[in-house]
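These are the residues of each chain, in order.
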Amino acid sequence: MNDRSLISVVVPMYNEETNIGLFYTTLSEAVQTCSAGFEFIFVDDGSTDTTFRVVDDIARKDPRVKALRLSKNYGSHAALLAGMRMASGNAAVMISADLQDPPAMIPALIERWRQGFHIVWAVREGRDDPFLKKLFAAAFYNLFTRIALKDYPATGMDFGIFDRQVLDHLKTFSENNFDIVLVIMSLGFRQSSIAYHRQIRHSGHSKWSMGKRIKAALDLIVSYSYTPIRFISYMGILVSLTSFLYALFLIVNTLVFGHGAGGWPSIMVTTLFLGGIQLIMLGILGEYLWRCNDQVKKRPQYIIMDTIGFDEGPGRQREPCKEG
Ligand code: UDP
Ligand code: MG
């Protein structure tokens with residue numbers, strides 16, 4: 001960890017044509033004062049706009065810039081994994097392209113890494129996101145820290161620096177449906193954090209649709225918690241106990257008080273209640289089973305279609321037909 005260290009900056013990009021220029025300039029200025037060398041790995045996660053062309057233009061002028069283009073949109077976690085596996089630095093920074101995570105913090109992350117930490121997280125101390133997004137994020141993190149990882153910061157994190165040892169480990173990581181932050185966080189090593197204030201997006205809108213967010217939230221819970229399965233057992237016990245008590249009530253009511261059992265409305269209520277519970281339980285089991293199924297098939301976590309600046313790989317390929 002000396003001054004001659006090389007730092008890779010890995011940036012996932014999905015339709016970020018309007019942000020790349022300013023992001024690149026801000027990043028270049030931010031690392032100017034650092035004594036380390038840099039490579040910037042921009043990963044185009046199957047963009048349908050001119051993201052890859054803009055990156056290509058920058059790479060032609062700046063040899064520090066390298067790029068990967070994935071064959072389709074795999075999500076930023078897969079894009080980050082692809083970039084970090086290709087990183088040749090002594091450490092790699094992961095950061096988003098929309099300037100929500102300030103590149104100006106990179107020197108502080110490097111400084112902390114140099115103090116001997118393998119993993120340094122930039123932890124959000126606040127966020128300038130819209131109200132509904134803040135509410136959704138707060139509710140999810142609250143639930144997640146209760147049922148899965150207690151140490152996961154309630155404000156979330158997706159910006160940090162990781163040592164070569166961590167990067168090497170990621171090369172053999174073979175799970176699908178993963179969350180890169182949790183994967184790295186659960187590796188252990190010496191970890192530290194620095195607080196920062198998350199900005200609003202520079203331009204464009206979040207590339208995480210509600211559907212993607214729900215899928216990611218379920219991935220997190222299913223990967224790190226068996227609470228939903230335990231919930232099934234508890235519900236089973238509760239429903240059995242309730243039906244036993246109800247049966248007892250009916251027997252006593254008939255034999256002691258001479259009142260016959262109620263008619264079909266009570267049967268309907270019981271049937272619908274049990275049917276609903278069973279469908280929820282099947283859904284929970286299905287979430288786990290579907291991920292096992294996906295894993296067994298050993299589908300690739302991502303496919304790299306083009307590369308720029310790497311010795312190995314397909315190199316610059318022709319432009320796709322659908323570019324703006
Ligand atoms: N991103 C990506 N693939 C996706 C979605 C997002 O590579 O499918 C990139 C995006 O371009 C950005 C980073 O991941 O650089 C964070 O995404 P975004 O800002 O949309 O997420 P948010 O900050 O709203 O959680
Ligand atoms: Mg963002």
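The structure we're discussing is the one just above.
One numbering rule holds for all chains: residues counted from 1, following each sequence as written. For this description, chains carry letters from A and ligands carry numbers from 1, given in the order in which they are written. Note on the predicted model: pLDDT of at least 70 is required for a residue's local features to be given, and 80 or more for side-chain atom pairs to be given and counted; whole-chain, interface and lining totals, by contrast, use all residues. As a convention, hydrogens and water are excluded, and side-chain values are obtained from all of the structure's heavy atoms.

Okay, the overall build of the protein chain next. Secondary structure follows DSSP: runs of H or I at least 4 residues long count as helices, runs of E at least 2 residues long count as strands, and numbering of each begins at the N terminus. The helix and strand tally for the protein chain stands at ten helices and eight strands. The C-alpha radius of gyration of the protein chain comes to 25 Å, more than 25% above the 20 Å expected for a compact globule of 324 residues. On the principal axes, the C-alpha backbone points of the protein chain span a range of 90 × 45 × 40 Å. When a residue's accessible area, from a 1.4 Å probe over protein chains only, is under 20% of the maximum for its type it is buried; when over 50% it is exposed; and in between it is partly exposed. For the protein chain, buried positions account for 46% of its 324 residues. Summed over its atoms, the accessible surface of the protein chain is roughly 17,000 Å², and 63% of this surface lies on carbon and sulfur atoms. Note that the radius of gyration is over C-alpha atoms, with the globule rule given as 2.2 Å times the number of residues to the power 0.38. We get accessible surface area from the Shrake-Rupley algorithm with a probe of 1.4 Å; when it comes to residues, only the shown protein chains can shield them.

As a further point, take the pairing of strand β1 (residues 6-13). Across the eight residues that make up β1, a large majority, seven, are buried. With eight bridges joining them, β1 and strand β2 (residues 37-44) adopt parallel strand pairing. Of the residues in β2, the one forming a bridge with V10 is I41. Should DSSP find at least two bridges between two strands, the strands are taken to pair.

For the rest of this paragraph, the subject is unusual backbone geometry. Positioned with a positive phi, N15 is a non-glycine residue whose angle comes to about 55 degrees. Tracing the sequence through the fold places N15 in the loop between β1 and α1 (20-31). In this model, N177 sits at a positive phi of 55 degrees, which is unusual for a non-glycine residue. Mapped onto the fold, N177 is located in the loop between α6 (164-170) and α7 (180-185).

Within the secondary structure, H118 sits in the loop between α4 (106-114) and β5 (119-127). Looking at H118, its side chain comes within polar contact range of the side chain of Q165, at 3.2 Å. Filtering out sequence-adjacent residues up to four positions away, H118 remains in contact with I161, F162, D163, Q165, V166, F189 and R190. Definition of a polar contact: a pair of N or O atoms within 3.5 Å, with one able to donate and the other able to accept a hydrogen when the atoms are protein atoms, and with sequence-neighbouring residues admitted only if both atoms are side-chain atoms. Only heavy atoms enter the contact rule, under which two residues are in contact if any of them lie within 4.5 Å.

Let us now look at the pattern of salt bridges. If the charged atoms of two oppositely charged side chains come close together, the side chains can form a pair. The term salt bridge refers to a side-chain nitrogen of Lys or Arg lying within 4 Å of a carboxyl oxygen of Asp or Glu. A full pass over the atoms with the stated rule returns eight salt bridges. The partner of R64 in a salt bridge is D62, with the nearest N and O atoms 2.9 Å apart. Here R64 falls in the partly exposed class, since its relative accessible area comes to 27%. For D168, the salt bridge is made with R164, and the minimal N-O distance between the two is 2.9 Å.

What follows is about the nonpolar core. M84, W121, F162, I180 and I184 are the most contacted members of the largest nonpolar core, which totals 41 residues. Once residues within four sequence positions are removed from consideration, I180 is found in contact with H77, L80, L81, M84 and M94. Take the buried residues of types Ala, Val, Leu, Ile, Met, Phe, Trp, Tyr and Cys, join any two whose side-chain atoms come within 4.5 Å, and each joined set is a nonpolar core. Core analysis: the second largest hydrophobic core is formed by 37 residues, M13, V31, F38 and I194 among them.

So, about the packing of helix α5 (residues 131-147) against helix α8 (residues 210-224). In this description, a line fitted to the C-alpha atoms serves as the axis of each element, helices being fitted only across the stretch in contact, and the angle between N-to-C directions of two axes falls anywhere from 0 to 180 degrees. Where α5 contacts α8, the axes come no closer than 10 Å and their chain directions differ by 10 degrees. Compared by their axis directions, α5 and α8 come out roughly parallel. Contacts between α5 and α8 pair K133, F136, F140, L143, F144 and I147 from the former with M210, R213, A217, L220, I221 and Y224 from the latter. In this classification, Asp, Glu, Lys and Arg are treated as charged, Ala, Val, Leu, Ile, Met, Phe, Trp, Tyr, Cys and Pro as nonpolar, and every other residue, Gly included, as polar. Looking at side-chain class alone, the contact of α5 with α8 contains ten nonpolar, no polar and two charged residues. Oblique is the label for every angle not falling under 35 degrees (roughly parallel), over 145 degrees (roughly antiparallel), or within 65 to 115 degrees (roughly perpendicular).

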